[in-house]
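Observations on the model geometry
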Amino acid sequence: MQGIAGRVAIITGGASGIGAGLVRIFAEAGARVVSADIAAEAGAAIAARHGCDFVPTDLRRDADVRALVAAAVARHGGIDFLINAAASYADEGLETDRETWRAGVDANLIGHVMLVQAALEHLKRSTWPSIVNFTSESAHVGLAGRWVYPATKAAIEQVTRSEALDLAPFGIRANAVMPGWTEKPWQATAPAEVQERYRTMSDRLHMLGRQGTIEEVGQAVLFLCSEHAGFVTGSIMRVDGGHSALGPQGKEKHLPTKVRQAAGLGTTNA
Ligand SMILES: NC(=O)c1ccc[n+]([C@@H]2O[C@H](COP(=O)([O-])OP(=O)(O)OC[C@H]3O[C@@H](n4cnc5c(N)ncnc54)[C@H](O)[C@@H]3O)[C@@H](O)[C@H]2O)c1
């Protein structure tokens, strides 16, 4: 995609899942990638596999955030893309204690904002600066037993809009991607009944009848950073196979009609 090759991308959450996929996808597209994650061993191994740099980073620590920015600038001379895939899922719902709440908000929300602050002068100097955050369908619906993660995702959506507005004068675009259920690498080797359960649920929950792939999510992020997305900012891009556009009846035909038909009452109210 146009505008990726040669540009410098900081990717948080690069040790696992979608973030690890993004490290590969951006590296293959010719970006100079600096991956960051709290999981140092896995993050370093993945970055090395794709010829990228890795900086062990706990987004809850300002010193780590500053060191990440300094390392990217020292190595590559600037920063063009900030891609924020890291996420903490620590969440006990209603029972979540204050410390866990603070840690979740710190990692998923405040850490990202501190990174934007630390990288801002470099983004301003970039010829094609872009921020991409990650949200989730859980930002919009109630999820049994999960309070922290969805709240941080709702907040990052709002911060994305604030970033888009306040950073627009500097030519910095800010968007978020909302993946649906995305395949995890471990699923391929999971027991057959687990795989079958995922298949059945994915079919029911997505218009397209399946989970998304890390590749599909990554290509959306690539697009948002590319020169093809020059007029795209402040947007939440759904990459969810139609999951969030499905109503409560899912893919079932109009239920009241089915009920009436079953009772021999015809198909309309007329
Ligand atoms: N996988 C999905 O189906 C899905 C669906 C909707 C949204 N998302 C979003 O996509 C993004 C990636 O999701 P994933 O499932 O691939 O996640 P993941 O759990 O596989 O990876 C998240 C990474 O963030 C890192 N991390 C956690 N706390 C950190 C901290 N304090 N500092 C630095 N790194 C930290 C973890 O070590 C991990 O490597 C997340 O933002 C998530 O909210 C994922």
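Refer to the structure presented above.
First, a word on what this report is: a plain description of the structure on this page. All of these numbers come straight from a predicted model, not from anything done at the bench.

**Here's the deal with the nonpolar core**
By size, the foremost hydrophobic cluster in this structure holds 25 residues, and its most contacted members are Ile11, Leu22, Phe26, Ile83, Phe134 and Val221. Listed by contribution, the elements that provide at least two residues to this core are strand 1 (8-12), helix 1 (17-28), helix 2 (40-49), strand 4 (81-84), strand 5 (130-134) and helix 7 (214-225). The contact partners of leucine 22, leaving out residues within four places of it in the chain, are Ile11, Ala27, Ile83, Ala85, Phe134, Gly218 and Val221. Membership of the second largest hydrophobic core comes to 22 residues, among which are Ala86, Val116, Leu120 and Leu167.

**A closer look at the site of the ligand**
Taken together, 27 residues lie around the ligand, and Ser16, Ile18, Asp37, Tyr149 and Lys184 are the ones closest in. Between the ligand and the protein, one listed contact pairs a nitrogen atom with a backbone N or O atom of isoleucine 38 at 3.3 Å. Tyrosine 89 has a polar side-chain atom sitting 3.0 Å from an oxygen atom of the ligand. Here the ligand has 830 Å² of accessible area as a free molecule, and 87% of this is covered by the chains. The class makeup of the residues in the shell around the ligand is 14 nonpolar, 8 polar and 5 charged.

**So, the packing of aromatic side chains**
Inspection of every chain in the model, using the stated rule, returns 4 aromatic pairs. Aromatic side chains phenylalanine 26 and phenylalanine 81 sit 6.3 Å apart centroid to centroid with 70 degrees between the ring planes, which places their arrangement in the edge-to-face category. Pair noted here: phenylalanine 26 is in helix 1 and phenylalanine 81 is in strand 4, with a separation of 55 residues, a long-range link. Here the two residues phenylalanine 26 and phenylalanine 81 agree in accessibility, since each one is buried. Linked through ring pairs, Trp181, Trp186 and Tyr198 together constitute an aromatic cluster. Lying over the aromatic face of phenylalanine 170, lysine 124 brings its terminal NZ or CZ to 4.3 Å of the ring centre.

Reading the values: the criteria
Throughout this description, residue numbers start from 1 for each chain and increase along the sequence as written. Whole-chain, interface and lining totals are the exception, using all residues; otherwise, since this is a predicted model, local features are given only for residues with pLDDT of at least 70 and side-chain atom pairs are given and counted only at 80 or more. To obtain the side-chain values, all non-hydrogen atoms of the structure were used and water was disregarded. Residues belong to a common nonpolar core when they are buried Ala, Val, Leu, Ile, Met, Phe, Trp, Tyr or Cys residues joined through side-chain atoms within 4.5 Å. Summary of the burial criterion: residues with accessible area below 20% of their type's maximum are buried, those above 50% are exposed, and those between are partly exposed, where the area comes from a 1.4 Å probe applied to protein chains only. Secondary structure follows DSSP: runs of H or I at least 4 residues long count as helices, runs of E at least 2 residues long count as strands, and numbering of each begins at the N terminus. Contact criterion: two residues are considered in contact whenever any of their non-hydrogen atoms come within 4.5 Å of each other. Nearness is judged by heavy atoms alone; a residue qualifies as near a molecule or strand once a single heavy atom is within 4 Å of it. Polar contacts, as counted here, are pairs of nitrogen or oxygen atoms within 3.5 Å of one another; within protein the pair requires one atom able to donate a hydrogen and one able to accept it, and residues that are adjacent in sequence qualify only if both atoms are side-chain atoms. Per-residue and other accessible areas were derived by the Shrake-Rupley procedure at a 1.4 Å probe size, with only the shown protein chains allowed to occlude residues. Under the scheme applied here, ten amino acids are nonpolar (Ala, Val, Leu, Ile, Met, Phe, Trp, Tyr, Cys and Pro), four are charged (Asp, Glu, Lys and Arg), and all others, including Gly, are polar. Ring geometry is summarised as follows: Phe, Tyr and Trp rings, the Trp one being its six-membered ring, pair when their centres sit within 6.5 Å, and such pairs are stacked at plane angles under 30 degrees, edge-to-face over 60 and tilted between the two. A positively charged side chain is recorded as over a ring if its NZ (Lys) or CZ (Arg) lies within 6 Å of the ring centre. The angle to the ring normal must also be within 35 degrees.

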